[in-house]
Amino acid sequence: MPTTDATAPFVDLPAESFRALGHEAIDLITQFFADINEVAPFPARTPADVRALFDLRLPTAGEDPHTILADWSTKILPNSSVLGSPRWFGFVNGSGNQIGAIADALASALNANLGGWKASPAATEIERRTIAWLSEMIGYAPDAGGLFLSGGTMANMAALRTALRSKATWDLAAEGLQASGARRMTIYMADHETHVSFQGAVDFLGLGQQALRKVPSNADFTIDVAALEAMLDADIAAGMTPFCIVGHGGSINVGAFDDFDALADVAARRNLWFHVDGACGALGAILPELAAHFRGMDRADSVSFDAHKWLGTPYEAACLLVRNPDSLQQAFVTHATYLLSSTPSEYTGFNYFDYGPQLSRGWRALKVWMSLRQYGVDGYQAIFRRTIACAKHLHALVVASDEFEVVQPEPELYIYSFRYAPAALRHDDAALDLLNQRIADEITTRQVAFVMTTRIRGRVTQRLSICSHRTRIKDIDETFEAMRGIGEELR
Ligand SMILES: Cc1ncc(COP(=O)(O)O)c(C=O)c1O
C-alpha cells in the first residue's frame, strides 16, 4: 500500500485499506495464540537491550500503518513476556483469553466512555448486567452494586474510601481527615498475607501506614479472630477508631481464606465495614466444593476481585462489588453542572461517574461479559478446578520429595509456595534462601518457566501462581523436575 493512501489526507483509512490492516493484525494475533503453548514465557533480555530497540525519535512525518505493525513480530513479541504461556507462574497474572482480545478491539473501535450513560448507553447496560452476573457468582443479591476498575489495587482503594465515607461520624466529604477532633481511623487484616495494595490505599487516602493494623495469623495463615477482637479492644481504649476489617479471599502467597462468617460477626457487632479482598479467589464461590470457605462472604459490605486473574480476561479488569449500591454513590457522587446539564428525561440513565473514582472510563466490562457468555459458569468451573488440581499436584510432588519442603497447608486455590531444601542443607537457612532465589532465577532465564520467590515466615520460597486456563499437569511436572535438577546442579 502506498504511504500516501495510509497517512494522507489525515483522516480514517478507506474501508478496504483498513480491512487489509485489520486482517494483517488478526493474522498476527492468531499466530500468537497458535504458538502460545510453546513460546518461552520470559524473553530473558536486559532492560538496556529492550530500551535500545524502542529508543526512537518523535515521529514528524507519519508512517505507513503496515510498517508500524511489522514491529510486532520483529521487536515487540520477541521482547515480551508471555503471560498467557502455560508456564507463566509469576505474580498472580491471568492468562488472557481470545474473546477478551476481540472484545478489547471492539471496545476500542466504539470508543465508548463509560462515565455517563449518554456517552455509552449499551455499554453501560452491559456493565450493569455483568456486575449483576458477578454478584450472583459470588453469592450477592443481583441488586448489589459495583463497577469495573483497573485492578485489585484500585478496587481495594475504592472499597476503603467507601468504607471510610460510610463509617466516619463527621462530615468526611467536607472536612476530610483534617477535621479537628478526628481520631485515627484504623483497618484490620491478617499480618502474614497483607497485600501491598493496602499499603498503597492507606497512603493514597491519607490515612497513613499506622492505620493498617496487622492482626496475628494462625498457623494456616488465616486471621486469628480472637487476636483481632483483642486488638480492636486495645486500639479503642488507646483512642483509635476502627472502621474496617479486611478478609482474604485467597491470599497472595498461600491462597488462604479467612473465616468470613466470623469476621462478619465481629464487624456486625462493632459496626465496622467488612471488606473481602478476593482479588485472587473470590470467584471460587462458584465451586460447590469450596462452599465452606465462602460461608459469610455474602455478608461482606464489599468484595473486590480481578477478572484479569482467574477469569483470564486481558488486562485491565478488576471489580468492586458492594452489597448496598448507595454506599458507592455516597462515596463518589459528583456535583458538576456540566455533567448533568440536560433536563432529566426518559434518556436519563445510570451514570457510573457517580459510583466510582473515575470520570472517563473505558469499557472493561465488554471482555468480561463476552468471556462469561463464551465459557459460562460451567466452563469456568472446569477451568478453576483444573488450576486447583495443578496446585494440589504440585503439593503432592513436594510432599513426596526429600529435596523439597512443605511450607503451607495443601492448597485450596491455585497459589502455592514451597521450598527447595535438601536434607544436607536444612540446617542452613541463609544458604537455602540464596539457593531458592537462584533456582527461580535460573529456571526463568533458561526459559523453562517464569517463577518467582516470596518469603514464608521469613524464609525465601518458590511461589507458583497457576491460574492459567492453559496450564496442564505436564507443565507442573516438567517445571518441578527442572527445579529439582537446577537445585542439584547449584547446591
Ligand atoms: C490479594 C491481592 N489483592 C490485591 C491485588 C492487586 O491486584 P492488581 O494487581 O490487579 O492491582 C493482588 C494482586 O496480585 C492480590 O493478589
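Residues numbered from 1 in each chain as written. Predicted model: local features only at pLDDT ≥ 70, side-chain atom pairs only at ≥ 80, totals over all residues. Heavy atoms only, no water.

Our focus in this paragraph is the overall build of the chain. Secondary structure assignment for the chain yields 16 helices and 11 strands. The principal-axis extent of the C-alpha atoms belonging to the chain is close to 75 × 70 × 45 Å. Classification of the 491 residues of the chain by burial places 50% in the buried group. Put simply, 72% of the contacts in the chain that link residues at least 6 apart link residues at least 24 apart. Looking at the chain as shown, the accessible area adds up to about 22,000 Å², and 54% of this sits on carbon and sulfur atoms. A distance of 2 Å separates the average location of the 42 positive side-chain charges in the chain from that of its 57 negative side-chain charges. (Helix = DSSP H or I, 4+ residues; strand = E, 2+ residues; numbered from the N terminus. Buried < 20%, exposed > 50% of the residue type's maximum accessible area, 1.4 Å probe, protein only. Contact = heavy atoms within 4.5 Å. Areas by Shrake-Rupley, 256 points an atom, 1.4 Å probe, with all protein chains shown as cover. Lys, Arg positive; Asp, Glu negative; His and termini not counted. Charge placed at Lys NZ, Arg CZ, Asp CG, Glu CD.)

What follows concerns the environment of Thr453. As for its position among the elements, Thr453 is in strand S10 (residues 452–456). Relative accessible area serves as the criterion here: at 21%, Thr453 is assigned to the partly exposed category. Put simply, Thr453 and Ala101 are 352 residues apart on the chain and 30 Å apart in space, counted from C-alpha to C-alpha. The contact partners of Thr453, leaving out residues within four places of it in the chain, are Asn436, Gln437, Ala440, Val460, Thr461, Gln462 and Arg463.

Applying the stated criterion across every chain yields a total of 29 salt bridges. As a salt-bridge pair, Arg385 and Glu289 come within 2.6 Å of each other at their nearest N and O atoms. Placement of the pair is Arg385 in helix H14 (residues 365–400) and Glu289 in the loop between strand S5 (273–277) and helix H12 (291–294), with a sequence separation of 96 residues. Using a relative accessible area of 36% as the deciding quantity, one classes Arg385 as partly exposed. For Glu289, a relative accessible area of 48% gives the class partly exposed. A cluster of three or more residues bridged by salt bridges with shared partners is formed by Glu403, Glu481, Arg484, Glu488 and Arg491. (Salt bridge = Lys/Arg side-chain N within 4 Å of Asp/Glu carboxyl O.)

So, on to the domain arrangement of the chain. For the chain, the domain assignment lists domain 1 (13–81), domain 2 (104–374) and domain 3 (380–490). Each of domain 1 and domain 3 was reduced to a C-alpha centroid, and the two centroids are 33 Å apart. Taken residue by residue, the interface counts 8 residues in domain 1 and 6 residues in domain 3. The interface formed by domain 1 and domain 3 contains 0 salt bridges. (Domains from an automatic or database assignment.)

A few words now on the sheet that holds strand S8 (residues 404–406). Hydrogen bonds along the backbone pair up the strands of a sheet, which may run parallel or antiparallel. What the 4 strands build is an open sheet, ordered S8-S9-S11-S10; its pairing is antiparallel. Two strands in the sheet have a free side with no partner beyond their single neighbour: S8 and S10. Strand-to-strand twist of the sheet, defined as the mean angle between neighbouring strand axes without regard to direction, takes the value 45°. Alignment of S10 against strand S11 (residues 459–465), held across 5 bridges, turns out to be antiparallel. Across the sheet, the residue bridging to Thr454 is Thr461, located in S11. Across the sheet, H14 lies against S8, strand S9 (415–420) and S11, angled at about 20° from S9, the strand it touches most. (Pairing = 2+ DSSP bridges. Axes fitted to C-alpha atoms, helices over the stretch in contact; angles between N-to-C directions.)

Now for the site of the ligand. Among the 14 residues in the neighbourhood of the ligand, the closest are listed as Gly152, Thr153, Asp277, Asp306 and His308. One nitrogen or oxygen atom from the main chain of Gly152 is found 2.8 Å from an oxygen atom belonging to the ligand. Separating an oxygen atom of the ligand from a side-chain N or O atom of Lys309 is a distance of 3.1 Å. The fraction of the free accessible surface of the ligand (390 Å²) that becomes covered by protein chains is 85%. Considered class by class, the residues forming the shell around the ligand number 4 nonpolar, 7 polar and 3 charged. (Near = heavy atom within 4 Å. Polar contact = N/O pair within 3.5 Å; in protein donor to acceptor, adjacent residues only side chain to side chain. Nonpolar A, V, L, I, M, F, W, Y, C, P; charged D, E, K, R; others polar.)

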